[in-house]
Amino acid sequence: MLENNATKKINSRALMIVLLLIALIQMPQGAIMPAIEHISTEVFYEHSLQSVQTAMGLISFFSVATGVIGAMVIKFGLASKKFITLLGMAFISAAGVTAFFLNDAFWHLWFLNILIGAGMGLCIPNSQSIMFDNFDEAKRQFMSGMTSAFLSVGGVVMSVAGGLLVTVVWFGGYLMTLLTIPVIFIGLAVIPRDKRISPKDTAARSKLPKSVFFYAFLIFLFSILFNVGGMNISTHIASGEIGDAALAGTANAMPMLGGILMGLLFIKVSMALGDYLLPLAFALLFVGFTMLNLFPTSLVMTLVAMFIMGLGLSMLMPRCLFNVSNITDPSNSSTATMLVLSIAPGGGGFLSPVIMTNLTYALGGDSTRFRYQFTAFVCLLVAALAFMYVKRGSKAAKA
């Protein structure tokens, strides 16, 4: 009996480690964001900034598409969560290999982003679903915070290294996806085999609680607004004449540094503030975007602003994820994580340049300062609405 308990502890610890390793490589887009300005002005200069941003947005679009496909495949017992997770990582690593051979045409940019998006849609939600299924509430809250911290650490590495590699070759950021390969082999050995859900049990599956859709919608809105920062930071830095692509990579890493700090503090902050973390996250976006508008030629203020927005990201995502983990079970966790970690952030990330870049371009031209301040006011409005919603829910719970 003691031996079995020890084995379970070791397996649990090993699973935690491999899931955190997967989190480390979940931000490959951070490695390629610094290249946006360089790609639009030096590589594929015949295409507009909006076209390049839309091509980058394919990562988010295809993460939604494959997230849905993966959830359906699991739902009908055609594959296990472990297989789908590892397949997703294989797609991501394939982008790094492909970049060596396909890198001189605009459609190659599209194809590389499609590979990454397809992999993220399969890997991210199902790795979290595996976490839901194998840990109790205390460990899920711990893993929600640590996942955010490790994801942010990986984002820092991706952003800084990607920004440096862009100065050598424009597709350098895509080569960072090769880091996924060793994690695939570790996951193959450590992730437990989950039973395929029998198609006969489909009718008996529990339905998704309505709250799951609320958290998904909140993440969707946050993703639309948050992505305005990274999508435009290289152009903002260039227009302010304060740096190059390497500095843009550093700026894109700052939200991840904020994510590391908040991820480590998440349990304490979450227990103290509860769902008030949700409006606070949007309020921090307001602060960050406003700072970018007010101090366009200040390197320090630019980096601080991006750091503050990262704090918001690592408040909202783990809190939503933890809340969803408490209202789902193994029969619907894959569908739930697909909604909150694939459709919601992926859809928001894809629509962010489509909506925010085009809207602010029509209202204020190509000024990134105007784009950031317009986004800031939208964030403030959403923060106010979210605060009222949480406050009303808190009063209802006490009554």
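Residues numbered from 1 in each chain as written. Predicted model: local features only at pLDDT ≥ 70, side-chain atom pairs only at ≥ 80, totals over all residues. Heavy atoms only, no water.

**Brief notes about the pattern of salt bridges**
Heads up, the condition is: Only one rule defines a salt bridge in this text: a Lys or Arg side-chain nitrogen within 4 Å of an Asp or Glu carboxyl oxygen. The numbering of helices and of strands both runs from the N terminus, where a helix is a DSSP run of H or I of at least 4 residues and a strand a run of E of at least 2.
For the coordinates displayed, the defined rule picks out one salt bridge. Among the ionic pairs, Asp 275 bridges to Arg 319, the shortest N-O distance being 3.0 Å. With Asp 275 in the loop between helix H11 (245-273) and helix H12 (277-294) and Arg 319 in helix H13 (residues 299-325), this residue pair connects regions lying 44 residues apart in the sequence.

**Section: the packing of helix H6 (residues 106-134) against helix H7 (residues 137-166)**
As a reminder of what qualifies: Helix axes use the C-alpha atoms of the stretch in contact, all axes being lines fitted to C-alpha atoms, and the angles between their N-to-C directions lie in the range 0 to 180 degrees. What sets the label is the angle itself: under 35 degrees gives roughly parallel, over 145 gives roughly antiparallel, 65 to 115 gives roughly perpendicular, and the rest give oblique. Handedness of a helix crossing follows the sense of rotation of the near helix relative to the far helix, less than a right angle counterclockwise being left-handed and clockwise being right-handed. In this description, contact between two residues means that some pair of their heavy atoms is separated by no more than 4.5 Å. Under the grouping applied here, Gly and all other residues not named as nonpolar or charged are polar, the nonpolar ones being Ala, Val, Leu, Ile, Met, Phe, Trp, Tyr, Cys and Pro and the charged ones Asp, Glu, Lys and Arg.
Put simply, H6 and H7 touch, their axes get as near as 10 Å, and they point 155° apart. Taken together, H6 and H7 sit at an angle that is classed as roughly antiparallel. When the axes of H6 and H7 are compared, the crossing they make is right-handed. Judged by residue contacts, Gln 128, Met 131 and Phe 132 of H6 engage Arg 140, Met 143, Ser 144 and Thr 147 from H7. Classifying every residue of the contact of H6 with H7 by side-chain character gives three nonpolar, three polar and one charged.

**Comments concerning the side chain of Thr 177**
Test applied: Only protein chains enter the area calculation, which uses a 1.4 Å probe; residues under 20% of their type maximum are buried, those over 50% are exposed, and those in between are partly exposed. Under this definition, polar contacts are N or O atom pairs within 3.5 Å; protein pairs additionally need one hydrogen-donor-capable and one acceptor-capable atom, and for neighbouring residues in sequence, both atoms have to be side-chain atoms.
Counting through the fold element by element, Thr 177 comes out in the loop between helix H8 (172-175) and helix H9 (180-190). Take Thr 177: its relative accessible area is 1%, and that puts it in the buried class. Among the polar contacts listed, one links the side chain of Thr 177 to the backbone oxygen of Ile 92, at a separation of 3.3 Å. Among the polar contacts made by the side chain of Thr 177, one reaches the main-chain amide nitrogen of Gly 96 at a distance of 2.9 Å. With sequence-adjacent residues up to four places away left out, Thr 177 is seen in contact with Pro 28, Ile 92, Ser 93, Ala 95, Gly 96 and Ile 116.

**A short note on H13**
In plain terms, the rule: Here, expected helix span is obtained from the residue count minus one, scaled by 1.5 Å.
Counted at 1.5 Å a residue, the expected span for H13 with its 27 residues is 39 Å, and the 39 Å between its end C-alpha atoms agrees. Of all 27 residues in H13, 21 are buried; the element is thus mostly enclosed. Measuring from the backbone nitrogen of Met 301 back to the side-chain oxygen at the start of H13 gives 3.2 Å, which picks out Ser 298 as the cap.

**Comments concerning the packing of helix H10 (residues 210-239) against helix H14 (residues 333-364)**
Taken N-terminus to C-terminus, the directions of H10 and H14 make an angle of 40°; their axes are 7 Å apart at the nearest point. The orientation of H10 with respect to H14, classified from their angle, is oblique. Between H10 and H14 lies a crossing of right-handed hand. Here the contact of H10 with H14 is composed, by residue class, of 18 nonpolar, eight polar and no charged.

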